[in-house]
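Structural overview for review
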Amino acid sequence: MVGGCDVFGGAAGGLLFNVLYDVLKELISKSMIYRPLLQNILSALDSYGPLIKQIEASNEELGLPQEEVANFKAHMENGIEIVRKCSKVRKWNIYKKYKYANKLLGWESALVRQLNLLKAQGVRDGKQTLVSVKTIERVVTGIETSSIFLEAEVEHIATTSRHMEKTLSGVEMRSGDIVEGMCRIEDRIETSSCIVEAGFKRIEDRLDTRNGAKVGAWSVVPELAQFTVGLDEPLKELKMKFFKDGVSMLVVTAPGGCGKTTLATKFCQDEQVKGKFKNNIFFVTVSNTPNLSLIVQELYQRKGSQVPVFQDELTAVKWLQTFLKEEGQHPLLLVLDDIWSGSESLLDKFQFEMPDYKILVTSRSEFPRFGSSYHLRSLDYDNAMKLFHHSASLGDKSSHIPAYLSRQIVEGCKGFPLAITVAGGSLCGQSIEIWQERLIEWSKGSSILDSETELLLRLQSSLVVSDKETAIIRECFLDLGSFPEDQRIPVAALIDMWTESYDQLDEDTLCVAYLHRLTNRSLANLVVTRKDQRQGDGYYSEHFVTQHDLLRELAIYETRQSDPGHRERLIINITGDNIPKWWSEKKYKSMKARLLSISTDGNFSSKWHHMELPEAEVLVLNFQTKNYALPKFVDTMHKLKVLIVTNYGFSPAELSNIPLLALLSHLKRIRLERVSIPSITKNPIQLVGLKKISLFMCTIGKAFSDGSIQISYAFPNLEEISIDYCNDLVEMPADLCDLIHLRKLSVTNSHKLLALPEEIGKLEKLELLRLRSCTDLAQLPGSSRNLKKLIFLDISYCFSIKELPDIGEMSSLRKLNMRECSRLQEVPVSVLDLEHLEEVICDDETRNLWEPFLPLANTKIVVEKENINLNWLHKLQS
């Protein structure tokens, strides 16, 4: 603690620093209103104090004028005045409460700015002062990292911060350039401050963060499964082997489905390991077709740096070496998960002689040239039985299952956790006859589980169809094979596929219900990354599906039981331009596939061979290149209903051959991810049958605002628009209001969106308006009161909205989500006219705005607590 020490060595600034410190402590002890925020500032002063003393001492030693810290001292005086005024604010005075909260936040941001200016002065002073500057930088990064936990602005803040760190490393850089960069940081900090303003309680998480709780969240490892068994002893053995002197790389090897990734995850979360490597742990999934450029880009993104672009692999290697040198200044742990046989050349590129730099590899293969391996054993009988009982939910309600059946099932799984989990999930709640049937099926195959093929056969038996429900579950499971290995599958994409493919799944919620059934059977994992707890509101843009490699292989294996020309699902993976032989030789005149999925890598040239696909209804295109052309054979897909185009690279791609889509009269849904929208508008088309368009992490540019895309002409019958994480979207096109059939408009996590079209009230059929996390959106157009059929209005996390229009005229409104609208001053009196309003979702602060109207006869006010969820930080780009 700085306490009563004279930070400025007797200077006036030191007295001011101490006065402010004492006033803060006194107010914290007396006031509940600002306590978390004041504690946050106090903690910052604890960190800054020794540093300011060091700068003062350096100036004195170098003979520099004391006036250089004059601005900082003046800022201390201003802080004392603000804090004293805060002490006079009463709890019931909401206006003044927020007024002085904003002043405190502004003062805190300005404090960071003052210290950044001292950094620029420190560059001039040479290496000694530069050490002090970097100390300040670490504190500033702590503040920025705390905001990372609260909002997706992390990419902008962290990128700019890393850019400034590189700038400071060049001593010859002009001070003016540094100040300009600091201003960019300031802009982002101000946006993030809105998040802090949204709830004082969440600021406590920032204090935890600064004290060491998950700082550096970009290096976050996957979440550990809720129930694991049999890993304590392997973890102990792995640590002993890994921390031996001279061991720089260790390979955890075992057959697929043995729990290698789970062990590596548990290893990274071990207290001894975290104590050694702190926040310098990077967990990267490599998979079957490794792309070094993407791996290096992911590492830079994980550490919050600007993501570099590589022209070739040689450049990527140089950037990798730079990354290792920078991060290797402290103990560094790199986990390379799922390395495949033949990847020795890739491992070579990660080897770098540095003290305390270690690599943990998981693989189904051994790599003797890189040192010893740790062989992960399968589960012993007792642990296998524990896992099976958990997976099959065997308890008092399942006592009718004889013990010998459980024993035989477990023995048949040979200790493979994946096989045990899937078998248990598929048998949960089933009759004795189903259990016996499973054993009979297994007895027809090999009695010894000695290969992954045998494991696949065990897993395959879990897909046996016994009724209509399991038939749909099987079909949904097979569809998951349409997406690349080790990539998160957006639930929104699956909804688009399934609602148009299966009559039983014609609603979004039904699709998600079947995803839960897949999860219950351990055939997939449903990951929800949204930061609030509310479910069932139809918002699935932050729901993803992950799947074990072997389960994906099983899905693809099942689809390949017939020749390519007659498969219902045609799943093609292309490396470079090496297309399958049957395709290049035109073995089949016409393909029968209902679903076509093509995945290409970064070396694909978009040179397509012809193919006839008259029965195809779903087309899934996965690629990694900067430029990508839709295959020309799309014009043969006359029954196509769904098009999903996903760029797995880091930069939005230019898309060509768009006019081909105009020939598809049955096309109803289009989903584009990481695509440049201006590239599409170069060739305007009209899609009369299109019902829904989804844009995820796309570059909008000025395509909407300059009129280069006439949305009402291009999609005259559009019923649903979903725009998510399109960070350069500033305004929606005015002719959006001419989409007379539009029922759902969802614009989420688009932080630069400033306004909606003034005539949005013309959308007479609109039932859903979701503007979640549009942090710069200041107001709703006055005409929105005319949305008479609107059922659900979601303005949650819209921190800049200060007032609402006369929503009392929205006569059909049933649900309103306004949590974390922290600048909203009041709700209009006309809310009393909302006869059908059933639920209002608030936080503690926005609930107070409803106090004058309570109780409401038919309306439930729901106050939800914040659930800080960091799942989205792990591989957001996937």
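Our structure is the block above this text.
Cut-offs and rules
- Residues numbered from 1 in each chain as written.
- Predicted model: local features only at pLDDT ≥ 70, side-chain atom pairs only at ≥ 80, totals over all residues.
- Heavy atoms only, no water.
- Helix = DSSP H or I, 4+ residues; strand = E, 2+ residues; numbered from the N terminus.
- Buried < 20%, exposed > 50% of the residue type's maximum accessible area, 1.4 Å probe, protein only.
- Contact = heavy atoms within 4.5 Å.
- Areas by Shrake-Rupley, 256 points an atom, 1.4 Å probe, with all protein chains shown as cover.
- Pairing = 2+ DSSP bridges.
- Axes fitted to C-alpha atoms, helices over the stretch in contact; angles between N-to-C directions.
- Core = buried A, V, L, I, M, F, W, Y, C linked by side-chain atoms within 4.5 Å.
- Salt bridge = Lys/Arg side-chain N within 4 Å of Asp/Glu carboxyl O.
- Phe/Tyr/Trp six-rings, centres within 6.5 Å; stacked < 30°, edge-to-face > 60°.

1. A short note on the overall build of the protein
- Regarding its fold elements, the protein presents 27 helices and 23 strands.
- Of all 878 residues assigned to the protein, the portion counted as buried reaches 58%.
- In the protein, once contacts between residues fewer than 6 apart in sequence are set aside, the share between residues at least 24 apart is 67%.
- Approximately 36500 Å² of the protein is accessible, and the part contributed by carbon and sulfur atoms is 50%.

2. Here we look at the pairing of strand β13 (residues 642-647)
- With six of six residues buried, β13 lies mostly within the body of the structure.
- Covered by surrounding structure in β13 are Val642, Ile644 and Thr646 together with Leu643, Val645 and Asn647, the residues of both alternating faces.
- Where strand β11 (residues 618-623) and β13 come together, six bridges link them in parallel fashion. Opposite valine 620, over in β13, you have isoleucine 644 as the bridge partner.
- Pairing analysis gives five bridges linking β13 to strand β15 (residues 669-673), with the strands arranged parallel. Looking across to β15, one finds that isoleucine 644 is bridged to arginine 671.

3. Remarks on the sheet that holds strand β2 (residues 281-285)
- Sheet architecture is open: five strands sit in the order β2-β3-β4-β1-β5, paired in parallel fashion. Of all strands in the sheet, those with a lone pairing partner are β2 and β5 (373-375), marking the two edges. The mean inter-strand angle of the sheet, taken between neighbouring strand axes irrespective of direction, is 20°.
- As paired elements, β2 and strand β3 (residues 332-339) share five bridges and run parallel to each other. Bridge pairing in β3 links isoleucine 281 to leucine 333.

4. A look at the nonpolar core
- Among the nonpolar cores identified, the biggest contains 97 residues, and Met818 and Trp850 are the most heavily contacted of them.
- Every residue in contact with methionine 818, bar those within four places of it in the chain, is listed here: Ile795, Leu824, Val827, Val840, Ile841, Cys842, Asp843, Thr846, Leu849 and Trp850.
- By size, the runner-up hydrophobic cluster in this structure holds 44 residues, among which are Phe277, Ile281, Ala384 and Leu427.

5. Considerations on helix α23 (residues 549-559)
- Summarising burial for α23: nine of the eleven residues are buried, a large majority.
- Here α23 has its buried residues at Asp549, Leu550, Leu551, Arg552, Leu554, Ala555, Ile556, Glu558 and Thr559.

6. Things to note about the pattern of salt bridges
- Within the structure shown, the criterion is met by 38 salt bridges.
- Among the ionic pairs, glutamate 673 bridges to arginine 674, the shortest N-O distance being 3.3 Å.
- Arginine 674 gets classed as buried once you look at its relative accessible area, which sits at 4%.
- Residues arginine 770 and aspartate 794 are paired through a salt bridge, measuring 3.4 Å at the closest nitrogen-oxygen approach. Of the two residues, arginine 770 is situated in strand β19 (residues 768-770) and aspartate 794 in strand β20 (residues 792-794); the sequence distance between them amounts to 24 residues. Summarising the burial analysis for this pair, arginine 770 and aspartate 794 share the class buried.
- When salt bridges with common partners are traced through the structure, they connect Arg474, Glu475, Asp479, Glu558, Glu568, Arg569 and Arg594 into a single cluster.

7. So, the environment of aspartate 486
- Note on placement: aspartate 486 falls in the loop between α20 (468-479) and β6 (489-490).
- What makes aspartate 486 partly exposed here is its relative accessible area of 22%.
- Spatially, the C-alpha atoms of aspartate 486 and threonine 285 are 7.0 Å apart, while their sequence positions differ by 201 residues.

8. Structural notes on the side chain of serine 541
- Structurally, the position occupied by serine 541 is in the loop between β7 (525-528) and β8 (543-546).
- Other than its neighbours up to four places away in sequence, serine 541 contacts Ser722 and Asp724.

9. So, the side chain of lysine 266
- Along the polypeptide, lysine 266 turns up in helix α10 (residues 260-268).
- Those residues in contact with lysine 266 that lie beyond four places of it in its chain are Leu224, Thr228, Leu231, Asp232 and Leu235.

10. Overview of the sheet that holds β7
- What the three strands build is an open sheet, ordered β6-β8-β7; its pairing is antiparallel. Across the chains shown, the open sheet's two edge strands, defined by having one partner strand only, are β6 and β7.
- Across two bridges, the pairing between β6 and β8 is antiparallel. Bridge pairing in β8 links proline 490 to phenylalanine 544.

11. Focus on the packing of aromatic side chains
- A complete count under the given rule lists 20 aromatic pairs for this structure.
- Taken together, a centroid distance of 5.6 Å and an interplanar angle of 85° make the contact between phenylalanine 242 and phenylalanine 243 edge-to-face.
- For phenylalanine 242, a relative accessible area of 1% gives the class buried.
- Under the relative-accessibility criterion, phenylalanine 243 is labelled partly exposed at 23%.
- An angle of 75° between the planes, with centres 5.4 Å apart, marks the rings of tyrosine 300 and tryptophan 319 as edge-to-face. Pair noted here: tyrosine 300 is in helix α12 (residues 292-302) and tryptophan 319 is in helix α13 (residues 313-327), with a separation of 19 residues, a long-range link.

Scope: geometric values only; no functional claims are made or implied.
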